[in-house]
Amino acid sequence: MENRQKEWLLVTGAAGDIGMAVAKRFASRGIGILMMDINTEKLKNCKRELEEAGGIAYSYIADVTDIKSVESVISRIESDEMHIDYLFNNAGYQGEFAMTHLYPADDFQRVVHVNIIGVFNVLQVVSRHMVSRKKGCIVNTASMAGVDGPPNMIAYGASKAAVIGMTQSAAKDLAPFGIRVNAISPAFMGPGFMWKRQVELQAKVGSQYFDSNPEIVAEQMINSVPMRRYGGIDEIPGTVEYLMSDSSSYVTGVNIPISGGIR
């Protein structure tokens with residue numbers, strides 16, 4: 001395949017709301033989109049949506065927890081004579097909501113496999129590709145949950161703290177090769193499925209931190225944010241774009257909160 005597209009962005013978790021929002025933003029700037037996800041049907045629809053808007057997009061089905069699966073995708077990209085200039089390492093899993101002593105061990109492992117091992121697999125394989133080219137920008141999706149230790153989310157909070165740690169170490173390791181690595185940490189994002197799920201599950205836990213009524217929980221969560229509102233998914237792509245732009249060419253190893261203020 002001959003491909004004359006100048007620059008390419010690889011997005012993992014591309015079929016999700018955040019992944020798709022970032023893909024749209026970069027596609028509108030004329031950058032080709034390489035979409036990776038495990039959800040075949042949703043990925044197909046997202047690819048179609050990008051192309052109907054005039055973007056150039058390729059889709060790849062892969063399980064980020066399986067490094068062989070990730071390596072296969074990157075090999076296909078390289079064999080098609082494409083390169084990865086930017087990586088939005090975004091695939092993740094929120095997990096269950098439960099107090100530490102009641103948290104299901106199997107779900108903890110699943111969160112770790114997706115949010116830590118999966119992020120590492122993509123980070124390592126793509127960084128090898130970028131090292132060979134002596135250039136690249138990487139943005140990992142962490143979370144404010146990895147900064148402030150939310151109740152009833154021990155697995156998710158621990159996993160996202162690990163992503164921040166990986167970002168800082170990788171930034172130092174890859175800087176000599178001209179590769180920058182940063183992270184973003186969204187907090188409460190809404191409206192939509194994830195916001196509704198978080199509110200409802202926190203209400204069901206029965207902890208001292210949140211009411212049992214989801215409507216009151218929503219107010220409690222929003223009132224814990226200085227700006228007194230949840231963030232919008234459409235507020236994320238601009239931060240990712242900045243971290244991958246020449247305007248931030250001196251920035252590496254940072255974690256930028258997207259939170260309406262530090263809670």
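The structure under discussion appears in the preceding block.
Throughout this description, residue numbers start from 1 for each chain and increase along the sequence as written. At least 70 in pLDDT is required for a residue's local features to be given in this predicted model, at least 80 for side-chain atom pairs to be given and counted, and no such filter applies to totals for whole chains, interfaces and linings, which use all residues. Excluded from the side-chain calculations are hydrogens and water; all other atoms, namely the structure's heavy atoms, are used.

## Let's talk about the overall build of the chain
Phase 1 of the analysis: Secondary structure follows DSSP: runs of H or I at least 4 residues long count as helices, runs of E at least 2 residues long count as strands, and numbering of each begins at the N terminus. A count of helical and extended segments in the chain gives nine helices and seven strands.
Phase 2 of the analysis: By its C-alpha atoms, the chain is 60 × 40 × 35 Å across when sized along the principal axes.
Phase 3 of the analysis: A buried classification covers 50% of the 263 residues belonging to the chain.
Phase 4 of the analysis: The criterion used for residue contact is that any of the two residues' heavy atoms lie within 4.5 Å. Across the chain, every contact between residues at least 6 apart in sequence was considered, and the portion connecting residues at least 24 apart equals 72%.
Phase 5 of the analysis: Surface summary for the chain: the accessible area is close to 12,300 Å², and the carbon and sulfur share equals 52%.
Phase 6 of the analysis: His is not counted, nor are the chain ends; Lys and Arg add positive charge and Asp and Glu add negative charge. Working definition for charges: the position is that of NZ of Lys, CZ of Arg, CG of Asp or CD of Glu. If you average the places of the 25 positive and of the 28 negative side-chain charges in the chain, the two averages end up 3 Å apart. Partly exposed describes any residue whose relative accessible area lies between the buried limit of under 20% and the exposed limit of over 50%, with all areas from a 1.4 Å probe on protein chains only and scaled to the type maximum. Surface accessibility in these figures is a Shrake-Rupley result with a 1.4 Å probe; residues are shielded only by whichever protein chains are displayed.

## Points about unusual backbone geometry
Phase 1 of the analysis: Geometrically, the link from Gly-190 to Pro-191 is a cis peptide bond, its omega value of -10 degrees lying close to zero.
Phase 2 of the analysis: Among the structural elements, Pro-191 can be located in the loop between strand 6 (179-186) and helix 7 (193-205).
Phase 3 of the analysis: Positive phi outside glycine occurs at Glu-81, with the angle close to 60 degrees.
Phase 4 of the analysis: By secondary structure assignment, the location of Glu-81 is in the loop between helix 3 (67-79) and strand 4 (86-89).
Phase 5 of the analysis: Overall, the relative accessible area of 54% leaves Glu-81 in the exposed class.
Phase 6 of the analysis: In this structure, Arg-228 takes a positive phi of about 55 degrees despite not being glycine.
Phase 7 of the analysis: Tracing the sequence through the fold places Arg-228 in the loop between helix 8 (214-223) and helix 9 (236-243).
Phase 8 of the analysis: The partly exposed category is assigned to Arg-228, whose relative accessible area is 48%.

## What about helix 1 (residues 17-27)?
A turn of α-helix holds 3.6 residues, and therefore any two residues three or four places apart point the same way.
Phase 1 of the analysis: Residues Gly-19, Met-20, Ala-21, Val-22, Ala-23, Phe-26 and Ala-27 constitute the buried set of helix 1.
Phase 2 of the analysis: Against strand 1 (8-12), strand 2 (32-37), helix 2 (40-52), strand 4 and helix 9 lie the buried residues of helix 1.

## Quick word on the pattern of salt bridges
Side chains that differ in sign of charge can pair as their charged atoms come close.
Phase 1 of the analysis: A side-chain nitrogen of Lys or Arg and a carboxyl oxygen of Asp or Glu constitute a salt bridge if their distance falls within 4 Å. Applying the stated criterion across every chain yields a total of nine salt bridges.
Phase 2 of the analysis: The residue Lys-68 makes a salt bridge to Glu-71 at a minimum N-O spacing of 3.8 Å. Of the two residues, Lys-68 and Glu-71 both sit in helix 3, three residues apart, roughly one turn of that helix.
Phase 3 of the analysis: Since its relative accessible area comes to 59%, Lys-68 is described here as exposed.
Phase 4 of the analysis: For Glu-71, a relative accessible area of 25% corresponds to the partly exposed category.
Phase 5 of the analysis: For Glu-71, the salt bridge goes to Arg-128, with nearest N and O atoms at 3.7 Å. With Glu-71 in helix 3 and Arg-128 in helix 4 (residues 105-133), this residue pair connects regions lying 57 residues apart in the sequence.
Phase 6 of the analysis: Where salt bridges share partners, they join Arg-25, Arg-29 and Glu-241 into one cluster.

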